[in-house]
Amino acid sequence: MSNITPQTSQNDAMRYSALSILANGLRGNRGWTPAWREPEPKAEYDVVVVGAGHGLATAYYLAKEYGLRNIAVIERSYLGSGNIGRNTTIVRSNYLLPGNVPFYELSMKLWEGLEQDLNYNAMVSQRGVINLFHSDPQRDAYARRGNAMRLHGIDAELLDVEAMRAMAPMLDFDNARFPIKGGLLQRRGGTVRHDAVVWGYGRAADARGVDIVQNCEVTGITVEAGRAVGVETNRGPIRAKKVALAVAGNSSQVAAMAGLRLPIETHVLQAFVTEGIKPFLDHVVTFGAGHFYVSQSDKGGLVFGGDLDGYNSYAQRGNLPVVEDVCEGGMALMPAIGRLRLLRSWGGLMDMSMDGSPIIDRTPVQGLYLNAGWCYGGFKATPASGLCFAHLIARDEPHPVATAYRLDRFASGRVIDEKGMGAQPNLH
Amino acid sequence: MRIRCPYCGERGLEEFTYRGDATVTRPETLDQTAEAAWVDYVYLRDNPAGPHREHWYHGAGCHAWLVVTRDVRTHEILGVELAGGPA
Amino acid sequence: MTIGTPTDQPSRLAFGGLIDRRLPLRFRFDDLELTGYAGDTLASALIANDVKLVGRSFKYHRPRGILTAGSEEPNALVELRAGPRREPNTRATTIELYDGLAADSQNRWPSLRHDLLAVNQLAAPFLGAGFYYKTFMWPAAFWEKVYEPAIRRAAGLGRAATAADPDPYEKAFAFCDVLVIGGGPAGLAAALAAGRAGARVILCDEDFLAGGRLNAERRGVGDKPAYAWAAEAVAELAAMPDVTLMPRTTVYGVYDGGTYAAIERVGDHLPVPAPHTPRQRNWKIVAKRTVLAAGAIERPIVFGGNDRPGVMLAGAVRTYLNRFAAAPGRRAVVFANNDEAAATTADLAAAGVVVAAVVDTRRDVPAATREAAKAAGALLVAEGRIVEAKGGRRGVRSALIRNRDGRDMHLACDLIAVSGGWSPTIQLTSHLGAKPMWDEARAAQLPGALPPGMAVAGAAAGDFGLGSCLAEGHAAGADAAEALGHDRSSGAAPVADDEPAGLAPYWHVKDSAGKAFVDFQNDVSVSDVALAVRDGFRIAEHLKRYTTLGMATDQGKTGNTAGMAVLAEATARPVAEVGMTTFRPPYVPVAIGAFAGHHRGKAFRPTRLAPSHAWAAERGAVFVETGNWLRAQWYPEAGETDWLESVTREVKGTRERVGVCDVSTLGKIDVQGPDAGTFLDRVYANTFSTLPVGKARYGLMLREDGFVLDDGTTARLGEEHYFMTTTTANAVKVMQHLEYCHQVIWPDLDVQMVSVTEQWAQYAIAGPKARAVVAALLDPSQDVSNEAFPYLAAGPVTVCGGVAGRLYRLSFSGELAYEIGVPARYGDALIRAIMTAGAPHGIVPYGTEALGVMRIEKGHPAGNELNGQTTAHDLGFGKLLSKKKDFIGRFMAARPALTDPGRTTLVGVKPVEPGARLRGGAHFVPRDATVSSENDQGYLTSVAFSPELGHWIGLGFLANGPERYGEVIRAADPLRSADVMVEVCAPCFIDPEGARLRV
């Protein structure tokens, strides 16, 4: 921990543990100190990361793994105000295509060690993720996926209907429009408390000297002689040797400040939580035929979602047809939840790419790096996205598990299209 | 959201299917020099945060493709016309 | 003492209230058998029966009672009903009492009175905000095994039902000129004004009795008691033909285009819904104008022990006294920072409740409060505060009161009526994204920008006086009607006095003793807010997420404002600067069943039945879901025990004699017009304009990105008339695509298209005897000889005595085959006729399994191969791509990445061991290579047991496939531990020359 700068050494003393809770509790909890500083932005940094979602993880790994010192994360609103704080908290690495599988598995491995690494309990809960199938062709498609995972050394199990019944007795096995024939299970998948991921990365990055600047909105990207040299913000200009964008649904807007046009549309995805109930569902269940997925939070609410609303939107909210569609899927899957109440709905801005897979790449503007196109799968990617983006920024070459996430793959046709939907973002 | 279909009148969102940006145009030429134009057409989008001209399909109604101008920050619909020109 | 007899409803007042004492209702709460009256809520009936302890809190399992009289209730949550109708977390304050009602307390074990998890209270110093983020990390594996299960069991609230909800739900639509949200004084006045002007009005009110606080206050409107005026207003509205009153209906969401979502509780006040009515109805109301008259929600002052049963909002106290004739206590202390103190004291005294003290936080207590205290014989403590409510699980026993000099007094009481002022109910104004604004004078959030067409009136706008509510409501209703072109004939506004407000903001008692709660249900105390601030969570959204303030089932309706005020104080900022967390739909929690409506169980999605369905069902067919279609999968015969046995028989019967299969589910699109041929040339990769009339051709369709979209056969029935078929799965998608291509890209083409999938029943008749069967079906003098009607011929025919149909010589099975189409209404008759005509030839009906076997034997790609990830090159169709014309996908399909020989391409495989079974989804790995991702060279898409070959066969995609015929590779299936060595071959196993097709 020798690289901790003096201004943040307070956090070293504030290591979280059962003991620190006990000691502080006995002293009236007056000894705690802020999880991160609220610094004024400096005039210049080595790297300015825009966006405090994946950007926090990026900055953390830049400092921890790549030894950079002079880093700022700037965020137009509050820490974690974007998609990292408005998702359904699912983590998994049950991907199909070779361009994706190793990346998401790296992310899963990072999740598995995250809490100890960050000294923050993000409630990584490896409760298992199940994809249901309802027909022989769907079973074969999931077998293809499960075998792809196994070939990459990732856990995957194909369950028959009896095994499903034992694991998730609340599902409708007897009166379903699309009878459940089985499921693909990844036991290591599960959920993570999303806000804690934000705070854990924020606190750990701060402890390594990263300046986290909230309420700092980028209004321009300063390009000199074809090279990005800083950003304009509502809190003044900030020079940077490298500028890294990780702004999800606002990617097109910010990239346009440097004259770039992206293979991305911004869409709204709604998510939902019910009132809290006693333990009801122990796993994450994905009901593809009903466009519905669900898990139960530790607080007791069922957290669920479904399809995109389907239209471009920057409004962070959606409309009723999708709410109904999603709840229909929920009732079809678990008819006992009819009287359970939906408590809250929210919407996030999804950076839907043209093939449904992300971009972690340099841009035609030197010194400007892009991390975007996460569609609605960005949360589970957070650790690997941060690490691979940090690698790219520090080394100017892609991380070995992220070589497929090139910006030019759309022009070349080397797309990574997990769902086979083609160049229409709202179908991914 | 409610869209005023030129044929059917104002109808609810559930009757329509969205496709995307209506400002991109299909290149006329198959010449290799048009590669950038094709990549533009198929893959690249302005994705503006403001008024957006976009294609919607009235699949549960008259099957017309519409060009809807909509502010994607507020979902306010600013205009609707038939994709194929006036009715 | 006017309180009733001790045994029966001991706290029921002897007189008054809007309850029907002629209709006693029996109900059960836990082990208590009790009685209330029609017009009661469960909460008012519990109060009338002196039941104070109703629930346990979320984290500390502290005893909780009833705080409010409305849907904002954070504490009094119960499990209502039992069995499959069990409804957790139901607010006792909104449950309309019915005879036989049964409710149970929740989140306690073993009982409400003795809850063992109350031990959490002892550990409270260590369970502060966010404690769990700081521990439970070691050892890592303990989270799932030890910590999380314990947390999950302790958390949650009620228990969901475990069987399907038996009650029905409906979705409904309504349209109106003016939607009035809320049936209190402002809402009734607005509806009257708009209705009298002739507007179409819908009035939604959450309560079962319209009137809002008119029913809860001893006030007057004009010369009438307020409740009587409300009843008259309702009667007048009910008599207006264009006014719809919707009681028991909460508007819970605002959506785009003037769409309001509302939930109507149609049958919740009954033991079970009435016959042929739903439990609830989920409305989408489209309104041209809206008047939000949702009133306001009273907020507590935060002080030590403020969560104990017996601490109740002052307005709720008056509601229980005046509307329900139920006394929430016998000896009360009133604690307020505003003039609610006066009315509350007076109403308590009038009901015979002893008011021990009026504790007013204000320095200068107004005359009205002083006089009320004096009249009630109550001690007035000016500029005082309650530092602690003391008591046990039965509730408050005394109040520790501190006066302005810091002197304490201890007063016995069983009720503390508290008012910290009112927060306007503005949630709906924010659902489209607008931020509320803090109003310093009213110490409340007021609406910011409003949704289009919305006006806010009365308490929701921060104008709390009754006179203002009536006047504003009237004006808003009249304005809305006028804006829509109605005359301003709304009559005079109803008149009442404005009661004084006199609010002096006072949020929490800083020298509280004991835990002082900001958010009751989630157990967030003032010290939690302080701790969160020390941990750095100073932004409202951070505070919320860190402490869970405002995240409980009440979404902070009572607690959020105080929470933000405490945060402001802790961070030395004005409240306005702290801001507010975001309001999101729904305003009140809404049953998931109501969103689903009838779309559940078998009715989740429509079931499409093929024309032969009834006939197939008669034969005992096994059906399979393919998309929304239900198709016959196979037709078991007596004695067959295994699907493979049946399918093998069907395949053999077809290949050896003749079989029939319903193929009506294929998408069918009729394309007509002078430019039809040109159009098809542009949407298909191959050419159709040169197809002769009377012929059919296989067609391949690409997406514009160059990948394969769909395939099918299209026949030319006339110079300007084509008949296209698509795959079953892509029928809708292709139709939409064609219309896009026509209307958007090539509107100049003179062509029209229409989906006729439902209009035609179509059967494939395949096998060596197919011609004889078809000939027997056709009306005489129609020649189906190979010469007259060769392979790929197509044209009109008449069958079965004059039924106009169409005949196509197409084959998916590889046999001599026809498809015969008739209008769908003849579909059932035709399958029976086919079976009759085929009987002499040993015809066998076959289902989708046999269809699949035969297409795999022939190497035809289907859904598993047309998966959206494959190119024409991958499928071996590279040569189909025309070089002579533009077509959708042509330019992009030519990119090197899509034609790279290293791409995986379609091959056939057969097991090296003839008896080995293949499984779809296995991956291809070189024979002697490690089974790992580096050696992953493709995968097996479709498999079948070939009766003709006597072994399993498969189709799949393999890198450099065509160069590897004869090579033995591994079909690796670690998932099922079922690796099989297979030999690569061409993807056609039977009759590769196609001789059988052409006989």
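Residues numbered from 1 in each chain as written. Chains lettered and ligands numbered in written order. Predicted model: local features only at pLDDT ≥ 70, side-chain atom pairs only at ≥ 80, totals over all residues.

Regarding the overall build of chain B
Secondary structure assignment for chain B yields one helix and six strands. Counting from the amino terminus, chain B carries its helices and strands in the arrangement β-β-β-α-β-β-β. In terms of overall dimensions, chain B has C-alpha extents of about 45 × 25 × 20 Å along its principal axes. Among the 87 residues that make up chain B, the fraction classed as buried is 32%. Sequence separation of 24 or more characterises 50% of the internal contacts of chain B that already satisfy a separation of 6 or more. (Helix = DSSP H or I, 4+ residues; strand = E, 2+ residues; numbered from the N terminus. Buried ≥ 20, exposed ≤ 12 C-beta atoms within 10 Å, placed from the backbone. Contact = placed C-beta atoms within 7 Å.)

Here's the deal with the overall build of chain A
Secondary structure summary: chain A contains 11 helices and 18 strands in total. Long-range contacts, defined as pairs at least 24 residues apart, comprise 74% of the intrachain contacts of chain A with a sequence gap of at least 6.

Things to note about the interface of chain A and chain C
Taken together, the contact pairs 90 residues of chain A with 95 residues of chain C. When residues of the side of chain A that touches chain C are traced back to their parent elements, those giving at least two are helix H2 (18–26), helix H4 (101–118), helix H5 (136–151), helix H7 (194–207), strand E12 (264–276), helix H9 (320–333) and strand E16 (341–353) of chain A. Among the elements that take part in the side of chain A that touches chain C, H5 of chain A stands out by supplying 10 residues, more than any other. Taken together, the residues that form the side of chain A that touches chain C break down as 42 nonpolar, 28 polar and 20 charged. Direction of pairing for E16 of chain A relative to strand E31 (residues 590–591) of chain C: antiparallel, over a ladder of two bridges. Bridging from a neighbouring strand, Arg341 of chain A pairs with Ala591 of chain C of E31 of chain C. (Nonpolar A, V, L, I, M, F, W, Y, C, P; charged D, E, K, R; others polar. Pairing = 2+ DSSP bridges.)

Comments concerning the nonpolar core
Counting residues in each nonpolar core, the largest one holds 479 residues, and the members touching the most others are Ile386, Ile416 and Ile765 of chain C. Once you skip the residues sitting within four places of it in the chain, Ile765 of chain C turns out to touch Val658, Val660, Ala770, Val773, Val774, Ala817, Tyr818, Ile820 and Ile834 of chain C. By size, the runner-up hydrophobic cluster in this structure holds 12 residues, among which are Cys5, Leu13, Phe16 and Tyr57 of chain B. (Core = buried A, V, L, I, M, F, W, Y, C linked by C-beta atoms within 7 Å.)

Notes on the sheet that holds strand E23 (residues 408–412) of chain C
Residues and elements named next belong to chain C. Pairing within the open sheet is antiparallel, and its three strands lie in the order E21-E22-E23. Of all strands in the sheet, those with a lone pairing partner are strand E21 (385–392) and E23, marking the two edges. Taken pair by pair, the neighbouring strands of this sheet meet at an average axis angle of 25°, ignoring direction. In this sheet, E23 lies alongside strand E22 (residues 395–402) in antiparallel orientation, the contact comprising five bridges. Directly across from Ala399, in E23, lies its bridge partner Leu411. (Axes fitted to C-alpha atoms, helices over the stretch in contact; angles between N-to-C directions.)

Thoughts on the domain arrangement of chain A
Residue and element names in this part refer to chain A. According to the domain assignment, chain A contains domain 1 (6–89 + 194–263 + 355–427) and domain 2 (125–188 + 265–353). The gap between the C-alpha centroids of domain 1 and domain 2 is 28 Å. Opposite the 23 residues of domain 1 that make contact, domain 2 presents 19 residues. Of the residues in the side of domain 1 that touches domain 2, the class split is nine nonpolar, 12 polar and two charged. (Domains from an automatic or database assignment.)

A few points about the interface of chain B and chain A
The interface is formed by 19 residues belonging to chain B together with 22 residues belonging to chain A. Breaking the side of chain B that touches chain A down by element, the ones donating at least two residues are strand E3 (17–21), helix H1 (35–43) and strand E4 (51–57) of chain B. Top contributing element to the side of chain B that touches chain A by residue count: H1 of chain B, with three residues. Of the residues that constitute the side of chain B that touches chain A, the class distribution is nine nonpolar, five polar and five charged.

Some thoughts on helix H8 (residues 466–483) of chain C
Each full turn of the α-helix corresponds to 3.6 residues, which orients residues three or four apart in the same direction. Residues and elements named next belong to chain C. Spanning 18 residues, H8 covers 26 Å between terminal C-alpha atoms, matching the ideal 26 Å at 1.5 Å per step. Taking burial as the measure, the 18 residues of H8 include 14 buried ones, the bulk of the element. Looking one or two residues beyond H8, the residue adopting positive phi is Gly485, at roughly 95°. (Expected span 1.5 Å × (residues − 1).)

Things to note about unusual backbone geometry
In this model, Trp109 of chain C is joined to Pro110 of chain C through a cis peptide bond whose omega is 5°. Counting through the fold element by element, Pro110 of chain C comes out in the loop between strand E7 (101–104) and helix H2 (142–154). Pro139 of chain C follows Trp138 of chain C through a cis peptide bond whose omega is -20°. Checked against the element boundaries, Pro139 of chain C lands in the loop between E7 and H2. With a phi close to 50°, Ala225 of chain A is a non-glycine residue in the positive phi region. Tracing the sequence through the fold places Ala225 of chain A in the loop between strand E9 (218–224) and strand E10 (227–233).

So, the pairing of strand E35 (residues 659–662) of chain C
Residue and element names in this part refer to chain C. Residues Gly659 and Cys661 point to one face of E35 and Val660 and Asp662 to the other, with burial holding for every one of them. Across four bridges, E35 lies against strand E41 (residues 760–766) in antiparallel orientation. Following the sheet pairing, Val660 is matched in E41 by Ile765. Relative to strand E45 (residues 844–845), E35 runs parallel, the two sharing two bridges. Each bridged residue has a counterpart across the sheet, and for Gly659 the counterpart in E45 is Val844.

What about the packing of helix H15 (residues 643–656) of chain C against helix H20 (residues 848–858) of chain C?
Residues and elements named next belong to chain C. Here H15 crosses H20 at 60°, and the two axes come no closer than 9 Å. Comparing their axes, H20 and H15 come out oblique. When the axes of H15 and H20 are compared, the crossing they make is right-handed. Taking contact as the criterion, the partners of Trp643, Val647, Glu650, Val651 and Thr654 in H15 are, on H20, Glu849, Ala850, Val853 and Met854. (Parallel < 35°, antiparallel > 145°, perpendicular 65-115°, else oblique. Left-handed = near helix turned anticlockwise from the far one by under 90°.)

Quick look at the pairing of E12 of chain A
Residue and element names in this part refer to chain A. Counting buried positions along E12 gives 13 out of 13 residues, so the element sits mostly inside the fold. Relative to E16, E12 runs antiparallel, the two sharing 11 bridges. Residue pairing across strands places Gln270 opposite Gly347, the latter belonging to E16.

Some remarks on the environment of Phe945 of chain C
Residue and element names in this part refer to chain C. Looking at the element boundaries, Phe945 is found in strand E48 (residues 938–946). Spatially, the C-alpha atom of Phe945 lies 89 Å from that of Asp223, the residues being 722 residues apart in sequence. If we ignore the near neighbours within four places in the chain, the residues touching Phe945 are Leu644, Thr648 and Trp952.

Side note on the environment of Ala155 of chain C
Along the polypeptide, Ala155 of chain C turns up in the loop between H2 and strand E8 (169–181). Residue Ala155 of chain C is classed as partly exposed on the basis of its 19 C-beta neighbours within 10 Å. Taking the C-alpha atoms as reference, Ala155 of chain C lies 16 Å from Arg545 of chain C; in sequence the two are 390 residues apart. Setting aside anything within four residues of it in sequence, one finds Ala155 of chain C in contact with Gly276, Asp298, Lys299 and Gly300 of chain A together with Phe58 of chain C.

Here we look at helix H17 (residues 731–745) of chain C
With 15 residues, H17 of chain C should reach 21 Å at 1.5 Å per residue; the first-to-last C-alpha distance of 20 Å fits that figure. Within the sequence span of H17 of chain C, burial applies to Ala731, Val734, Met735, His737, Leu738, Glu739, Cys741, His742, Gln743 and Val744 of chain C.

Digging into the sheet that holds strand E5 (residues 65–71) of chain B
On the basis of which strands lie adjacent, the open sheet formed by four strands has the order E3-E4-E5-E6 (chain B) and antiparallel pairing. At either end of the open sheet lies a strand with only one pairing partner, and these are E3 and strand E6 (76–82) of chain B. Ignoring which end each strand starts from, the neighbouring axes of this sheet average 30° apart. In terms of strand pairing, E4 of chain B meets E5 of chain B through seven bridges, oriented antiparallel. In the sheet register, Trp56 of chain B faces E5 of chain B, and the bridge partner there is Leu66 of chain B. Contacts from H17 of chain C reach E3, E4 and E5 of chain B within the one sheet, and its direction differs from that of E5 of chain B by about 80°.

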